[in-house]
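What follows is each chain in one-letter form.
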Amino acid sequence: MGGGSWATAIAKMVLGQAESINWYMRRDDRIADFKRLGHNPAYLTGVKFDIRRIGFSSNINDVVKASDTLIFVTPSPYLKAHLKKLKTKIKDKFIITAIKGIVPDDNLIVSDYFTKEYAVPTENIAVLAGPCHAEEVALERLSYLTVACPDTEKADVFAHLLGNTYIKTSVSNDVAGIEYSSVLKNVYAIAAGICSGLKYGDNFQAVLMSNAVQEMERFLQTVHPLHRNVQESAYLGDLLVTGYSNFSRNRTFGTMIGKGYSVKSAQIEMEMIAEGYYGTKCIKEINRHYHVNMPIADAMYNILYERIAPAIEIKLLTDSFR
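Residues numbered from 1 in each chain as written. Predicted model: local features only at pLDDT ≥ 70, side-chain atom pairs only at ≥ 80, totals over all residues. Heavy atoms only, no water.

1. A few points about the side chain of Glu-275
Move 1: Position of Glu-275 relative to the elements: it lies in helix H13 (residues 275-287).
Move 2: Despite its burial, Glu-275 pairs with no opposite charge, the nearest such side chain being Arg-249 at 7.0 Å.
Move 3: When neighbours within four sequence positions are excluded, Glu-275 is seen to be in contact with Thr-74, Pro-75, Ser-76, Pro-77, Ile-99, Lys-100, Gly-101, Asn-186 and Asn-250. (Helix = DSSP H or I, 4+ residues; strand = E, 2+ residues; numbered from the N terminus. Buried < 20%, exposed > 50% of the residue type's maximum accessible area, 1.4 Å probe, protein only. Lys, Arg positive; Asp, Glu negative; His and termini not counted. Salt bridge = Lys/Arg side-chain N within 4 Å of Asp/Glu carboxyl O. Contact = heavy atoms within 4.5 Å.)

Next comes the structure, spelled out in structure tokens:
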């Protein structure tokens, strides 16, 4: 469910073992071009597909009716718009969310949104987490994925479907923790990008990331207390790759902000969604109820939404680090 780069990468992985898939894309012209070219016309264009094994449709209800497992890979700001078209019940489907964001306005992680609004039982919802960039999946570079679900047997089945010579998988039961960390790592990647744009060096980036993982742990333990190790790849690994990689759109977005771009101009020039921009506001609003000490996330909110000059805000942040 979705036509972007991460959706395309997941489709590539699933078709490594599944006989066929159904694929919902919003735009009929994109579907027509995909069928004609044999690859996604807009994302990961080097990945070739056997289109005979794909049932394309721009009708979300047709795809849902024909499928037992639904993998949602739309940007979080657009999820509700897609679901508004949905007339088919999904509570008996196995839902996998690969969305790295929070549902705006509702301020709910996607798994909670499906439970609250569509009565999907928690044991029927899984989360797919990195550290994993779509571009490296396309290049078949060794990558690691975590599938989190309260029903670990279901997680095992889906993890096995994704696994191959260049994808290694593991399972977890920490759905909420991994979802929140997926949101936070995008926020921290914007911070890393802003600092890069301001010409802070590698020494400071290391301090920023070490403070970010501590901040992440404080938040996770407050909103969803659980015995977890945030040094595992689904948490720390995802944070590091998103904060450092040139493939990271959130880091790229932050770098532009650090160099003096406005939020609007950076978004227009990127032509891709930086989930961390929306996640920053959602985390700020959620944290009004929890009051976790989150200086990095607060600094990002001040820069992106209060229009505080990045140089000033980051200088204040550096004085709080040790």
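Okay, back to it.
2. Re the layout of surface pockets
Move 1: Taken as a whole, the largest pocket holds about 970 Å³ of empty space.
Move 2: What lines the largest pocket is a set of 38 residues, and nearest its centre among them are Gly-4, Ser-5, Val-73, Pro-75 and Arg-249.
Move 3: Where the lining of the largest pocket is concerned, the elements lending two or more residues are helix H1 (5-14), helix H6 (134-138), helix H8 (175-197), helix H10 (233-244) and helix H11 (249-258).
Move 4: Partitioning the lining of the largest pocket into residue classes produces 16 nonpolar, 12 polar and 10 charged.
Move 5: Taken as a whole, the second largest pocket encloses approximately 390 Å³ of empty space.
Move 6: Around the second largest pocket, the lining is made up of 20 residues, and of these Val-14, Ile-21, Asn-22, Thr-69 and Ile-71 lie nearest the centre.
Move 7: Counting residues per element, the ones that place at least two in the lining of the second largest pocket are H1, strand E1 (21-24), strand E3 (69-72) and helix H7 (152-162).
Move 8: Top contributing element to the lining of the second largest pocket by residue count: H1, with 4 residues.
Move 9: Classifying every residue of the lining of the second largest pocket by side-chain character gives 14 nonpolar, 5 polar and 1 charged. (1 Å grid on protein atoms, 1.4 Å probe; cavity = no way out; pocket = protein on both sides within 12 Å on 5 of 7 lines; lining within 4 Å. Points joined across faces, edges and corners; volume = space filled by probe spheres on them. Nonpolar A, V, L, I, M, F, W, Y, C, P; charged D, E, K, R; others polar.)

3. Some remarks on the pattern of salt bridges
Move 1: By the definition in use, this model includes 10 salt bridges.
Move 2: A salt bridge links Lys-12 to Glu-140, with the shortest nitrogen-to-oxygen separation between them at 2.9 Å. A residue pair is termed long-range when its members are at least 10 positions apart, and Lys-12 in helix H1 and Glu-140 in the loop between H6 and strand E8 (143-148) qualify at 128 residues.
Move 3: The class of Lys-12 is buried, set by a relative accessible area of 18%.
Move 4: Taking the relative accessible area as the measure of exposure, Glu-140 reaches 45% and is therefore partly exposed.
Move 5: Here Lys-315 and Asp-319 are joined by a salt bridge, their closest N and O atoms 3.1 Å apart.

4. Considerations on the pairing of E8
Move 1: Burial analysis of E8 places 5 of its 6 residues in the buried class, the great majority of the element.
Move 2: The pairing of strand E7 (residues 125-129) with E8 spans 3 bridges and is antiparallel. Residue pairing for E8: Ala-129 is matched across the bridge by Thr-146.
Move 3: Pairing of E8 with strand E9 (residues 167-172), which is carried by 6 bridges, proceeds in the parallel orientation. For Ser-143, the partnering residue across the bridge sits in E9 and is Ile-167.
Move 4: You can see the chain leave E8, run along H7 and come back into E9, and the turn it takes is right-handed. (Pairing = 2+ DSSP bridges. Right-handed = clockwise from strand over helix to strand, strands pointing away.)

5. Observations regarding the packing of H13 against helix H14 (residues 295-304)
Move 1: Where H13 meets H14, the closest approach of the two axes is 9 Å, and the angle between their N-to-C directions is 115 degrees. In this structure, the crossing between H13 and H14 has a hand that is left-handed. Across from Tyr-277, Thr-280, Lys-281 and Lys-284 in H13, the residues of H14 making contact are Ala-297, Asp-298, Met-300, Tyr-301 and Leu-304.
Move 2: Taken together, the residues of the contact of H13 with H14 break down into 5 nonpolar, 1 polar and 3 charged. (Axes fitted to C-alpha atoms, helices over the stretch in contact; angles between N-to-C directions. Left-handed = near helix turned anticlockwise from the far one by under 90°.)

6. A word on the nonpolar core
Move 1: Ranked by internal contacts, the top residues of the largest apolar core, which has 53 residues, are Tyr-180, Leu-208, Phe-219, Phe-253 and Met-300.
Move 2: If you tally residues by element for this core, the top one is H8, at 13 residues.
Move 3: With residues near it in sequence (within four places) discarded, Tyr-180 still touches Ile-102, Ile-109, Phe-219, Leu-220, Val-223, Ile-283 and Ile-286.
Move 4: The next biggest cluster of nonpolar side chains, apart from the first, holds 38 residues, and it includes Trp-6, Met-13, Phe-94 and Val-137. (Core = buried A, V, L, I, M, F, W, Y, C linked by side-chain atoms within 4.5 Å.)

7. Quick look at the packing of aromatic side chains
Move 1: With the rule as written, the count across this model stands at 15 aromatic pairs.
Move 2: Considering the side-chain rings of Trp-23 and Phe-34, the 5.2 Å spacing of their centres and the 70 degrees angle between planes classify their relative orientation as edge-to-face. Residue Trp-23 is located in strand E1, and its partner Phe-34 is located in helix H2 (residues 28-37); the two are separated by 11 residues in the primary sequence. For the pair formed by Trp-23 and Phe-34, the shared burial category is buried.
Move 3: Pairing Tyr-277 with Tyr-305 gives two aromatic rings, centres 4.8 Å apart and planes at 15 degrees, and the pair type is stacked. In this pair, Tyr-277 is assigned in helix H13 and Tyr-305 in the loop between H14 and helix H15 (310-320), connecting sequence segments 28 residues apart.
Move 4: With relative accessibility at 15%, the residue Tyr-277 sits in the buried group.
Move 5: According to the relative accessible area criterion, Tyr-305 is partly exposed, its value standing at 23%.
Move 6: Site record: aromatic cluster; members linked through ring pairs are Phe-253, Tyr-277, Tyr-278, Tyr-301 and Tyr-305. (Phe/Tyr/Trp six-rings, centres within 6.5 Å; stacked < 30°, edge-to-face > 60°.)

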